[in-house]
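Architecture at a glance
For reference, the chains in residue letters:
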Amino acid sequence: MSIRITQGTMFSRAVADVQRGLQRTSLLQQQIATGRRVLRPSDDPVAMLQITPLRGDIARLEQLRDNTFLARETLDTTASSLEDASEVMQRARELTMQASNGTLSQSDRASIAAELDQLLGQMLGVANSKRGDRYLFGGTADDGQPFELVQRNGRSTVAYRGNRETLGIDVAPGVKTNLNIPGNMVFQARDRGATTLTPLPNTTATGAQPVVGGSNAIGFQRLDVTWGGLTADRPPTVTAGNGATTALGPLSYAFDTVAGTLSVGGGAPVPIPVSNGTFTTADGRTISLTVTGAPPTTSGSFTSVARLSTDGGESVAIVDDFTQPTATVVSALDGLTLYVDPRGITRTGAEEVKHEGTFDAFTTLISLRDLLRNDNGLPDADVQSRLSGMLSEVAGALDAVLDGTREVGFRSASMEALRNRVEDLSSSRQDTLSRLEDTDITEAILRLQQQDISYQAALQISARVVQTNLTGFLR
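I will try to describe carefully the structure that is included in this document. (Residues numbered from 1 in each chain as written. Predicted model: local features only at pLDDT ≥ 70, side-chain atom pairs only at ≥ 80, totals over all residues. Heavy atoms only, no water.)

1. Comments concerning the overall build of the protein chain
The test is simple: Strands here mean DSSP runs of E at least two residues long; helices mean DSSP runs of H or I at least four residues long; both are numbered from the N terminus. Remark: exposure states derive from per-residue accessible area (1.4 Å probe, protein chains only) relative to the maximum for the residue type, with buried under 20%, exposed over 50%, and partly exposed in between. Contacts are assigned to residue pairs that have any heavy atoms within 4.5 Å of one another. Values of accessible area rely on a 1.4 Å probe in the Shrake-Rupley scheme; residue burial ignores everything except the protein chains shown.
Looking only at helices and strands, the protein chain has seven helices and 20 strands in total. Burial statistics for the protein chain: of 475 residues in total, 43% are counted as buried. Of the contacts formed within the protein chain by residues at least 6 apart in sequence, a portion of 67% connects residues at least 24 apart. Of the roughly 23,900 Å² of accessible surface on the protein chain, a fraction of 49% belongs to carbon and sulfur atoms.

This is how it looks when you write it as structure tokens:
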């Protein structure tokens, strides 16, 4: 059986051949124009299986490279701020050495105190530095300045309002760095040591002792120990007077009903009844009492209550049981706590509290300023001695700032190496991608020329073979 090839069949085949040639020519032209051999999955399905993940890798590497630029810029800004902070502390050290000179007058020291107050303001400005709309030293908190100067009752402290969290960012495959350093790790870096209590000038030791461990108060504090009245175990005929009282803690008493007197703490008897009378103990302490007469029980003991405060009396810890080993004294100024052993307290007075190892940048500047102002009336020799002792504290605070500067500087310097690594990885991926999808221009042009010749030939042959006679087409 023979196959009859009609004019219509020849025409259809000719048109199909021309269209295929046109498609090949168009594809080659597109590959040359775009520079890409694989434009759609159908062009090379096997290559496309590799191209898709490669493009994802390249996009991620480009993001990492951008992250290294961001990290470098942010860390450089932070390092610059910390360098300013170190200059402030270095100036504070110079002023401390100058002020510890015994030849300076109080007026000279007051001038230095004024400059230290300015340095404190500069340090606050540095600690509250911003990059864009974000604080550099506030951790992840960004709802206000991370450091605030709090002043109450003639006392100053700097409170940290930020947090200890860090902002991490990916800068290389499997590598993350922190964009920031929480401010309290630099400006409030501490290595707590012992806590000591020393009576202030013209006062007698109160008998208060620090509790080992637990306290989180910092720098210098003033512990005021004052009278808080009498406990309920007092004799029923005895009430607190309005006079001066220095005696605290348990006090013995003895009434002499024959002589009509009362003695307190083994001291001299005082005739009763008496209003706001002053009773002196055997060791020289005094207590003001109002006594209406002798009670049924004529001897025993009662307790003179102590009030402890480190913020000028704004918040007070009451001690009415002197057998307990710990009294908790919280400062309303900064919320920090001093734990005191009250069992040895016997009299009113004021103690200077020093928390060794807690003199951070802010605490050091405030302590130096206040010491030079000498509001407590210390003798010049004591001021000079304490200033000399503060030199090591200044050095420690400066070291903490320098440690932060070095850490941030190291992070910043590492960004250059990481960026080079990311760019090398990206370049490698780009080479692989180019090998898979880019057009070999020389080969493509040669193929296009060959295809063009074939296409033109197909057009000519089709024109000669396919007749346009309607009768032949319909046969």
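2. Side note on the packing of aromatic side chains
Definition in use: Stacked, edge-to-face and tilted labels apply to pairs of Phe, Tyr and Trp rings (six-membered ring for Trp) whose centres lie within 6.5 Å, assigned for plane angles under 30 degrees, over 60, and everything in between, in that order. Lysine NZ or arginine CZ positioned within 6 Å of the ring centre and within 35 degrees of the ring normal marks a charge as sitting over the ring.
Taken as a whole and judged by the stated rule, the model has eight aromatic pairs. Relative to Phe362, the ring of Phe147 lies with its centre 5.3 Å away and its plane at 45°, an arrangement referred to as tilted. Here Phe147, found in strand S3 (residues 147-152), pairs with Phe362, found in helix H4 (residues 361-373); they are 215 residues apart in sequence, far enough to count as distant. Here Phe362 falls in the buried class, since its relative accessible area comes to 1%. Between the aromatic rings of Phe220 and Phe359, the centroid separation amounts to 5.1 Å while the plane-to-plane angle is 70°, which identifies the pairing as edge-to-face. Taken together, the residues span a long stretch of sequence, with Phe220 in strand S9 (residues 219-230) and Phe359 in the loop between strand S20 (349-355) and H4 at a distance of 139 residues. The class of Phe359 is buried, set by a relative accessible area of 4%. Above the ring of Tyr135, the side-chain terminus of Lys130 is found at 4.8 Å from the ring centroid. Lying across the ring of Phe69, Arg419 places its NZ or CZ 4.4 Å from the centre.

3. Some thoughts on the sheet that holds strand S19 (residues 337-341)
This is how the line gets drawn: Strand pairing is defined by DSSP finding a minimum of two bridges between the two strands.
An order of S8-S19-S18 is seen for the three strands of this open sheet, with the pairing classed as antiparallel. Only two strands of the sheet have a single neighbouring strand rather than two, namely strand S8 (209-210) and strand S18 (327-330). Here S18 pairs with S19 via four bridges, running antiparallel. Note that in S19 the partner of Thr328 across the bridge is Tyr339.

4. Let's talk about the environment of Ser105
Along the chain, Ser105 turns up in the loop between helix H2 (45-99) and helix H3 (106-127). The exposure class of Ser105 is partly exposed, given its relative accessible area of 34%.

5. Comments concerning the nonpolar core
Threshold: Joining through side-chain atoms within 4.5 Å is the link that ties buried Ala, Val, Leu, Ile, Met, Phe, Trp, Tyr and Cys residues into a set, and such a set is a nonpolar core.
Counting 54 residues, the largest nonpolar core has Met89, Leu116, Met123, Phe147, Phe187, Phe362 and Leu365 as its most contacted members. Looking at this core, the elements with two or more residues in it are H2, H3, strand S4 (155-160), strand S5 (168-172), H4 and helix H5 (380-437). It is H2 that contributes the most residues to this core, twelve residues altogether. What Phe362 contacts, discounting residues up to four positions off in sequence, is Leu120, Met123, Leu124, Ala127, Phe147, Val158 and Phe187. One finds Ala247, Leu251, Val340 and Val353 within the second-largest nonpolar core, a separate group that totals 32 residues.

6. Observations concerning the pattern of salt bridges
Definition in use: Salt bridges, as used here, are contacts in which a Lys or Arg side-chain nitrogen is within 4 Å of a carboxyl oxygen on Asp or Glu.
Applying the stated criterion to the full structure yields 21 salt bridges. For Arg386, the salt bridge goes to Glu352, with nearest N and O atoms at 2.2 Å. Residue Arg386 is found in helix H5, and its partner Glu352 is found in strand S20; the two are separated by 34 residues along the sequence. The buried category is assigned to Arg386, whose relative accessible area is 18%. A salt bridge links Arg369 to Asp370; the shortest N-O distance between them is 3.0 Å. Residue Arg369 is classed as buried on the basis of its relative accessible area, which comes to 2%. Among the charged side chains, a network of salt bridges with common partners joins Arg72, Asp76, Glu416 and Arg419.

7. Here we look at unusual backbone geometry
What is expected of a backbone is that most residues other than glycine have negative phi and most peptide bonds are trans. In this chain, Ile272 is followed by Pro273 through a cis amide linkage whose omega measures 0°. When you line up the elements, Pro273 lands in the loop between strand S13 (270-271) and strand S14 (274-280). The backbone phi angle of Asn276 is positive, close to 55°, even though this residue is not glycine.

8. Some details on the pairing of strand S15 (residues 286-291)
Most of S15 sits out of view: six of its six residues are buried. With burial as the criterion, each face of S15 is covered, one bearing Thr286, Ser288 and Thr290 and the other bearing Ile287, Leu289 and Val291. Here strand S10 (residues 238-240) pairs with S15 via three bridges, running antiparallel. Within S15, the position partnered with Ala240 by the bridge is Leu289. For S14 and S15, the ladder comprises five bridges, and the chain directions are antiparallel. Its bridge partner lying in S15, Val274 is registered against Val291. Taking the residues that link successive antiparallel strands as the turn, the S14-S15 hairpin has five residues, and the phi of Gly284 there is positive, at about 90°.

9. Quick look at the sheet that holds S14
Formally: Angles here are taken between N-to-C directions and fall from 0 to 180 degrees, while the axes themselves are lines fitted to C-alpha atoms, restricted in helices to the stretch in contact.
The strand order across the open sheet built from three strands is S10-S15-S14, with neighbouring strands paired in antiparallel fashion. Each edge of the open sheet carries a strand with a single partner, namely S10 and S14. Adjacent strand axes in the sheet meet at a mean angle of 40° when their direction is disregarded.

Function cannot be inferred from these measures alone, as they are strictly geometric.
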